[in-house]
Amino acid sequence: MEKRAMIEIQRLGKSFRIAGGKRHVALEGIDLNIREGEFVSILGPSGCGKSTLLYMLGGFVPPSSGSIQVQGRPVTGPGPDRGPVFQEFALFPWKTVLGNVMYGLRQQGVGKREARERAMALLHKVNLASYADFYPKELSGGMRQRVAIARTLAYDPATLLMDEPFGALDAHTRTVLQNELLQIWERDRKTVMFVTHGVDEAVFLSDRVVVMTRSPGRIRTVVDIDLPRPRVRAELLVDRRYQEYVVELERLIEDVHHERDAEPAPAPVAKTTLKVATR
Amino acid sequence: MSAQAILQRLGAPLTVLVLLTLWELAARALALDGFPTATESLAQLPAILFDGQSLQSIGASLARMFAGIGLALLVAVPAGLAMGRNPTLARMLNPLLSAAYPVPKAALMPMVMLWFGVGDLSKILVIFLGVSLPLLYHSYHGAARLDDKLLWSAAAMGMRAPARLLRITLPGALPEVLLGCRVGLAMALIVMISSEMIARQSGAGDLLFNALDMALYPDVYAMIVILAALGFALDWAFEHLRLRLVHWAEPRQDAASGGNS
Ligand SMILES: Nc1ncnc2c1ncn2[C@@H]1O[C@H](COP(=O)(O)OP(=O)(O)OP(=O)(O)O)[C@@H](O)[C@H]1O
Ligand SMILES: [Mg+2]
């Protein structure tokens, strides 16, 4: 079945006013269509505008140019159809772990008891059930990150905007949560935008991987990950195609870093901005 | 109990005792008319504290003070929070805030009295002004320093802007707002007394300055002791309340910058 575009991003750009009245171009000419239920990862060097892109998709920050449409409607602000998981967690410090995870459900009118039960079920999944009554300040970075993920999953947004959600986790917990996210995604077919620095993570999870360059942030290329699903980690690791994708992306990332070092002045036109059409 | 623990527990009473002793010795040595000894002054305490009229006076002062504080909480906290989240509003109101902050509020008393008379209303208004400024200032900074992503998270859950101000900005800025309250409380006491000095009618300040007029110096000092004790008690009670309300807050790195006035 042909799936319609969930998110359509056209000629999207963002610049910031900085000291001295100058403007800093963070993103330029971003074209990207994301199908409903698609899992798309974004790879790119630090400062290339990955977070900024997610903020605009979330409707938290207005674009400077271009347009974003979600399910055919232009984005005018945040909404519960798009759930962010912020790089900085952004937990409500005055709420306990449970209070944080219940918050979105309560906000959407779910009764206290049901919200509590659903939140506890999620906390079991992220292995934090015994920390339900802790306050964020009493948690480690990795624990906060898991609460942040649970808080967003709790209110069940159709699209997840995840900004390095596994960045602060230890290797084991990361693997567990990757599998958990895959399961949730395969079951509910959410649309996911997933920012990461982990090439293997991106290949393991994604349908497509977007590689970005910096100064200004542009799409360098988009790689289709044509691996069968459901994906099992142990099988993939010994899969030739999986390994080739990882190597290809590692090379691309390497290139992007070299380009940046070689060109102190921003290039007027990106070399290979691949425009990817909806399939 | 170790010596240190004993010192810690007895620290405050010990300081008071030392101060009283120094006061006693200095007053005896100087033997000035207007400087009674500690024992003479403290001997007046029962006379004041068991006198119905004095108590009523002090009670009336406190009632006005709390009315002023309550009014300031209702007006200055929402205004400060809104300023902190709205740069345009902040740009408009900031000059006003910087200009009004250093003006001694009690000095406005004669003007306020022209409009509102010598009664309670004028005094409450002046206390309100005195408390409002630190409250406005701290609420503004607390809200401005709040991480946008907290508000974004709530917005993504479907919370609208007015609700966010109450349910996200207010609790998020609460540690700083309460610092403003503490400064405001001290300010309220000061303005309370000075307003009563200017508009003599009733109140703790009136008691104090009447005693001064009649050269009842032990009474004057007894009143000062009562006011100091009141200030201490209010601050102590407020600190307990504050810690209860913001026990969840991360300790701030720049705590030293708070609480100036
Ligand atoms: N509010 C802002 N004002 C000015 N410049 C900004 C602002 N936010 C982001 N930028 C600039 O935009 C660019 C992209 O920032 P962004 O945070 O989106 O990068 P990123 O790809 O998420 O990096 P990282 O991988 O380190 O998280 C950076 O150059 C940054 O300096
Ligand atoms: Mg980022």
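Our structure's up above, just so we're on the same page.
> Run through the overall build of chain B, naming residues and quoting values.
Along chain B, the regular secondary structure elements total 11 helices and 0 strands. The linear arrangement of helices and strands in chain B, starting from the amino end, is α-α-α-α-α-α-α-α-α-α-α. Overall, the C-alpha framework of chain B stretches about 70 × 60 × 30 Å when taken along its three principal axes. Here the contacts in chain B between residues at least 6 apart in sequence split such that 73% fall between residues at least 24 apart. For chain B, the exposed area adds up to about 13800 Å²; of that, 69% sits on carbon and sulfur atoms.

> Break down the pattern of salt bridges for me, with residues and values.
Evaluation of the coordinates by the stated rule reveals 22 salt bridges over all chains. Arg 82 of chain A is the partner of Asp 81 of chain A in a salt bridge, and the nearest nitrogen-oxygen pair spans 3.2 Å. Overall, the relative accessible area of 27% leaves Asp 81 of chain A in the partly exposed class. Judged by relative accessible area, which is 7%, Arg 82 of chain A ranks as buried. Residues participating in the shared-partner salt-bridge network are Arg 182, Asp 235, Glu 239 and Arg 242 of chain B.

> Any chance you could break down helix α9 (residues 161-198) of chain B for me, citing the residues and the numbers?
Taking 1.5 Å per residue as the helical rise, α9 of chain B with its 38 residues ought to reach 56 Å, whereas the 44 Å between its terminal C-alpha atoms falls clearly short. Bending of α9 of chain B peaks at approximately 65° at the position of Leu 174 of chain B, with proline Pro 175 of chain B no more than four residues after it.

> Provide a residue-level description of the nonpolar core, including the pertinent values.
Membership of the largest hydrophobic core comes to 97 residues, with the highest contact counts inside it found for Ile 9 and Met 193 of chain A together with Met 65 and Ile 168 of chain B. Element by element, the count of residues in this core is highest for α9 of chain B, at 13 residues. For this core, the domains that each give at least three residues are domain 1 (5-81 + 159-272) and domain 2 (89-156) of chain A. Ignoring sequence-local partners within four residues, the contact set of Met 65 of chain B consists of Ile 127, Leu 185, Ala 188, Leu 189, Met 192 and Leu 234 of chain B.

Cut-offs applied
- Residues numbered from 1 in each chain as written.
- Chains lettered and ligands numbered in written order.
- Predicted model: local features only at pLDDT ≥ 70, side-chain atom pairs only at ≥ 80, totals over all residues.
- Heavy atoms only, no water.
- Helix = DSSP H or I, 4+ residues; strand = E, 2+ residues; numbered from the N terminus.
- Contact = heavy atoms within 4.5 Å.
- Areas by Shrake-Rupley, 256 points an atom, 1.4 Å probe, with all protein chains shown as cover.
- Salt bridge = Lys/Arg side-chain N within 4 Å of Asp/Glu carboxyl O.
- Buried < 20%, exposed > 50% of the residue type's maximum accessible area, 1.4 Å probe, protein only.
- Expected span 1.5 Å × (residues − 1).
- Bend = angle between axes of the 7 residues up to and from the residue.
- Core = buried A, V, L, I, M, F, W, Y, C linked by side-chain atoms within 4.5 Å.
- Domains from an automatic or database assignment.

Keep in mind these values describe shape, not function.
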